[in-house]
Every structure is written in C-alpha cells, then in structure tokens.
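The residues making up each chain are set out below.
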Amino acid sequence: MTMPSAAIKGFWWRPGEPEKRWFGVLEQTGSEIHLTCHSDTGPIPLVDVNAGNTVHGRDEKGRPVTLLVVSQSGHSQSGGMETVVLNSGYVLIGIHAPDRQSLKAKAVNVRIQQLYGWLGLTGFSRRLNTAPAGKVTISYELQSQQSFLIGSSGEKVCFGLDTNQVMQFQSQKIDEEATVTFESDVGFDFQQVFALTTAMRTLLHFAILKPVYAVSMGFRNVTVSGNNDAPDTGSVEVWSKSFREPMTELPVESLWVFRYDDFAASFGDFFGRWLMYRDKQEEALDCYTTTIYSSLTSQTKNLCLTQALDAYHGVLCQSHGQPGFKKKVEDLCELSKSALTGLVEDITSFARQVRDTRDYLTHHNPEDLAKRDVATGSTALIRLNEKLSILFQSLVLTDIGVPSDRMIRLRRRIATDIVEY
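Definitions and cut-offs
Residues numbered from 1 in each chain as written. Predicted model: local features only at pLDDT ≥ 70, side-chain atom pairs only at ≥ 80, totals over all residues. Heavy atoms only, no water. Core = buried A, V, L, I, M, F, W, Y, C linked by side-chain atoms within 4.5 Å. Buried < 20%, exposed > 50% of the residue type's maximum accessible area, 1.4 Å probe, protein only. Helix = DSSP H or I, 4+ residues; strand = E, 2+ residues; numbered from the N terminus. Axes fitted to C-alpha atoms, helices over the stretch in contact; angles between N-to-C directions. Parallel < 35°, antiparallel > 145°, perpendicular 65-115°, else oblique. Left-handed = near helix turned anticlockwise from the far one by under 90°. Contact = heavy atoms within 4.5 Å. Nonpolar A, V, L, I, M, F, W, Y, C, P; charged D, E, K, R; others polar. Expected span 1.5 Å × (residues − 1). Polar contact = N/O pair within 3.5 Å; in protein donor to acceptor, adjacent residues only side chain to side chain. Salt bridge = Lys/Arg side-chain N within 4 Å of Asp/Glu carboxyl O. 1 Å grid on protein atoms, 1.4 Å probe; cavity = no way out; pocket = protein on both sides within 12 Å on 5 of 7 lines; lining within 4 Å. Points joined across faces, edges and corners; volume = space filled by probe spheres on them. Pairing = 2+ DSSP bridges.

Residues Trp118, Phe159, Met200, Phe219, Phe258 and Phe267 are the most contacted members of the largest nonpolar core, which totals 92 residues. The element best represented in this core is helix H2 (residues 190-208), accounting for 11 residues. Core analysis: the next-biggest nonpolar cluster, separate from the first, contains 18 residues, Trp22, Ile33, Cys37 and Val47 among them.

Okay, structure coming up:
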C-alpha cells in the first residue's frame, strides 16, 4: 500500500536566488519524496541547515515546481562537483510558492482510498447482459457531478467520477475512479485543504473500519500571495509523503457499516455536522486514530483507547479533570449497550478492569497485579482493546446518526485467533 512512483528531472534553486541552479531528479518512491541535485561548488547552498525550507524548480516541460517542508539528508563534494540529497514533505507541480501559508485554492480535487466503494456511483450498467450469444455489450454513461452546500458556509463538497477511455486497434477500455472536490469562493489555505481531506478520510474509516489514505490531490484556481508571477487560474498537482496506492472494498452494502446512500438526501448538512463534530471531539478522535495508523504494542494501544474514551466523556459530559474513570466508562457503556451485547456481560466489572488496567499501564505498580483486576497477558489485553475499540466506534457512529442495527458489523474486526510469540 505504498505511494505510486514518479520522477521529475529539472533545474532547482533557492526561492529568489536563481543565479545558482542545480540539476537534479525529484523522485517519489515508497513513502518518501527526495531530490538528488548536482552542481559545481559555489557559495550559495540549495537549502539552509534547518528543516522547513522551500525549493523552486522547473521540470523538462518548463512547468514551475515547488518543494515544501524540505530538509537535507545527504551531502557530498568531489572535486568541482557538489551533490545534495533533500527530503520533501510536499510538492506542487504547476506553481511557484514561497511557503504553505501563501497558497489558496478555490477548488481541491482529491482521490481517497475506499471512496469508490463507499459512494457506489458508476457509469456502468450493472444489468445482466442480454445480448445474443457471441456478442458482448458494455453500456457506459458519463455521470454528472453531485454537489452539496456544506451547511450555511457557502463551501461545497462534490462527488464525481474521473473516467479514462482508451481506444486502441486491438482493445477498448474504460476506467472510472471516484473523486471528492471541495469548493470555496474565498479559497482554502493549505491547512484547511488537509483538514478537509483528513475529515473525509476519517469518515470513510468509520464506514469500513480500515486505514484510509489519500491517493492523489490537485488544486484549481490557485492564488499565491506575494507572487505576481503565479497564475490565478489553472491547475496544480500535489504530491505528499502520506499518499498511498488506490484501493477499495466492493460497493456492496453489507461490507460497510454505512454508505453514502444512507445520507445522500442531505449530505451537505451531514458533512457539515461531521466537520463540527470532528473539531469538537478532535482530541478523542486523534487518540483513537493513532491506534489505526500506527504500529503500537497492545499496552500503548490500550492507553490511547482509554485516553480517547476519557476525552470523549470530557466533551460529552463536561467532565474534564474530574476523577472517577470507572464511572465514566460505565456511562459510555450504558450509551452503547446494544453494540456491546454479548461482548460485555457486566458493565461494572468491565469498567473496573478497564480502569485497573489503565492505571497499571500508567504507573506500573507491581502490587496492582495482585490486588486489582488488570488484564494480563497479550491475549487478554488484545481482547480488552477490541472491546474498547468497538465501544468508541459505536459512540461516534451513533453520534453521527448511523442506525443502531449496523453496530453488529463492528465485530468483524474482532480477531478469530490470537497467536502469542
């Protein structure tokens, strides 16, 4: 599930200092973006020692390219040749920008993993082929974009299909991929772009309960403050170290906890509420998603999940800083009784074990192992974490309006077998 590979040859320089240009190749491989440059030795380095640099360049087609959040990872000098290797957080192809803060885009087009299956939009006819024997008919109709206002802010979220048609002498092919576009007359800054993308990825995660990454991104109608040479229209392709290969589950309703169709009638209002919810429960959601996107030990995962539940309760009941974590867990279990049926037989005992296990993992007092109900051993801790995950997931899903009868689908992520090494 790595990022697609790509390479750009070009000349590169420090912003505002084009008198020393370096020839180099920008490569996107795995989860890394690195630039290897060569030049004759001189007094002007390509980047400063500190991280967070910006580098400008032009590719073989003459297009402007900007590297953002650049740091040097290697340097060598031999005779009259100097070589530097740089790592970059983001690449903008089609514009020169001095930094992330200076850029605004009125439209942001994003491809995200799992979006295609979740949306269920297609131009293909799914009806059975009734053509005569020996004849194959593929029916395809281009689909119009579905657009929704996000609350009363004037911003829009739009869903559509990118369709690629290939007609060759020996073959004909049609591919489609789902995209989401965010539009604003005012424009989105860099931080807002990735906040919206993260919000959409998180929503899709709760729909499929798997890690979800962005695949590609493009800006349209771009402006750059302080750069009179930058276009105010046109498109900009974006590379990021966080992008991954496309993938999706089938658009089959039973595979998903919820799908676009469940909220399509008023999706703009739904997504606007989700954005506000994401801000409101930011700490809890961030603690939870750490367990999804990071490889953690069972002990660390337990601490993240209990912190997520504590933060969630703090927002829900204004209980930040208040003692009594066991009572907080009991409160949340009562709210999610239907999701925990058959998994948690006694809420009081479960809440006590959650509290005692968290306290032991926090303070590591050996006496707690004998005196308190601590989940010991990797199997017991994994099983406890599974229940905590389902508890948190069901709370979020209920808050955003997913029907309670869907909560049984959360149990698909429970491990069938656990092998200890």
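Additional details are given in the paragraphs that follow.
Even without being a glycine, Val69 presents a positive backbone phi close to 55°. Positionally, Val69 belongs in strand S5 (residues 64-78). Of note, the phi angle at Gln318 is positive, near 50°, even though the residue is not glycine. Residue placement: Gln318 occurs in the loop between helix H5 (298-317) and helix H6 (325-335). Judged by its relative accessible area of 61%, Gln318 falls in the exposed class.

We now examine the packing of H2 against helix H4 (residues 282-293). Running from amino to carboxyl end, H2 crosses H4 at an angle of 70°, the nearest separation of the two axes being 12 Å. Classified by the interaxial angle, the pair formed by H2 and H4 is roughly perpendicular. The way H2 lies across H4 gives a crossing that is left-handed. Contacts from Arg201, His205 and Phe206 of H2 reach H4 at Leu285, Tyr288, Ile292 and Tyr293. Within the contact of H2 with H4, the residues separate by chemical class into 5 nonpolar, 1 polar and 1 charged.

Attention now moves to H2. In a regular helix each residue adds 1.5 Å, so 19 residues correspond to 27 Å; H2 covers 27 Å between its end C-alpha atoms and thus fits that length. Of all the 19 residues making up H2, 15 are buried; the element is thus mostly covered by neighbouring parts of the structure. Between a side-chain oxygen at the N-terminus of H2 and the backbone nitrogen of Gln191 the separation is 3.2 Å; the capping residue is Asp189.

Once that is clear, we can look at the packing of helix H3 (residues 267-280) against H4. Contact pair H3 / H4: the axes reach a minimum separation of 5 Å and the direction vectors enclose 85°. With respect to H4, the axis of H3 lies roughly perpendicular. For the pair H3 and H4, the contacting residues are Tyr277, Arg278, Asp279 and Lys280 in the first and Glu282, Leu285 and Asp286 in the second. Grouping the amino acids of the contact of H3 with H4 by side-chain chemistry returns 2 nonpolar, no polar and 5 charged.

This part covers the pattern of salt bridges. Applying the stated rule across the entire model yields 24 salt bridges. Across the pair Asp262 and Arg406 runs a salt bridge, and its minimum N-O distance is 2.9 Å. One end of the pair, Asp262, is in the loop between strand S12 (235-240) and H3; the other, Arg406, is in the segment after helix H10 (378-399), with 144 residues separating them in the sequence. A relative accessible area of 34% places Asp262 in the partly exposed class. With a shortest N-O distance of 2.7 Å, Lys326 and Glu330 are connected by a salt bridge. Of this pair, Lys326 and Glu330 both sit in helix H6, 4 residues apart, which is roughly one turn of the helix.

Another point: the layout of surface pockets. Volume-wise, the largest pocket comes out at about 410 Å³. The wall of the largest pocket is formed by 21 residues, among which Thr291, Ile292, Lys301, Ser389 and Arg413 lie closest to the centre. Among the elements of the structure, H4, H5 and H10 are those that each provide at least two residues to the lining of the largest pocket. Tallying contributions element by element places H10 first for the lining of the largest pocket, with 6 residues. By residue class, the composition of the lining of the largest pocket is 9 nonpolar, 8 polar and 4 charged. Computed from the structure, the second largest pocket encloses a volume of approximately 300 Å³. Lining the second largest pocket are 13 residues, with Gln192, Ala195, Leu196, Leu275 and Asp279 sitting closest to its centre.

This brings us to H4. Taking 1.5 Å as the rise per residue, H4 with 12 residues should run 16 Å; its terminal C-alpha atoms sit 16 Å apart, in good agreement. Taken together, the buried positions of H4 are Ala284, Leu285, Cys287, Tyr288, Thr289 and Thr291. Taken together, the buried residues of H4 touch H2, H3, H5 and H10.

Once that is clear, we can look at the pairing of S12. As paired strands, strand S6 (residues 81-93) and S12 are joined by 4 bridges and run antiparallel to one another. Considered in S12, the bridge of Tyr90 is made with Ser240. Pairing geometry for strand S11 (residues 214-224) and S12, over 4 bridges, is antiparallel. Residue pairing across strands places Met217 opposite Val238, the latter belonging to S12.

Quick look at the pairing of S6 now. On a regular strand, one side chain projects to one face of the sheet and the next to the other, so that they alternate. Counted residue by residue, S6 has 10 buried out of 13 residues, so it is predominantly covered. The pairing of strand S3 (residues 32-40) with S6 spans 7 bridges and is classified as antiparallel. Bridging from a neighbouring strand, Cys37 pairs with Val84 of S6. Judged from the 12 bridges that link them, S5 and S6 form a sheet pairing that is antiparallel. For Gln77, the partnering residue across the bridge sits in S6 and is Glu82.

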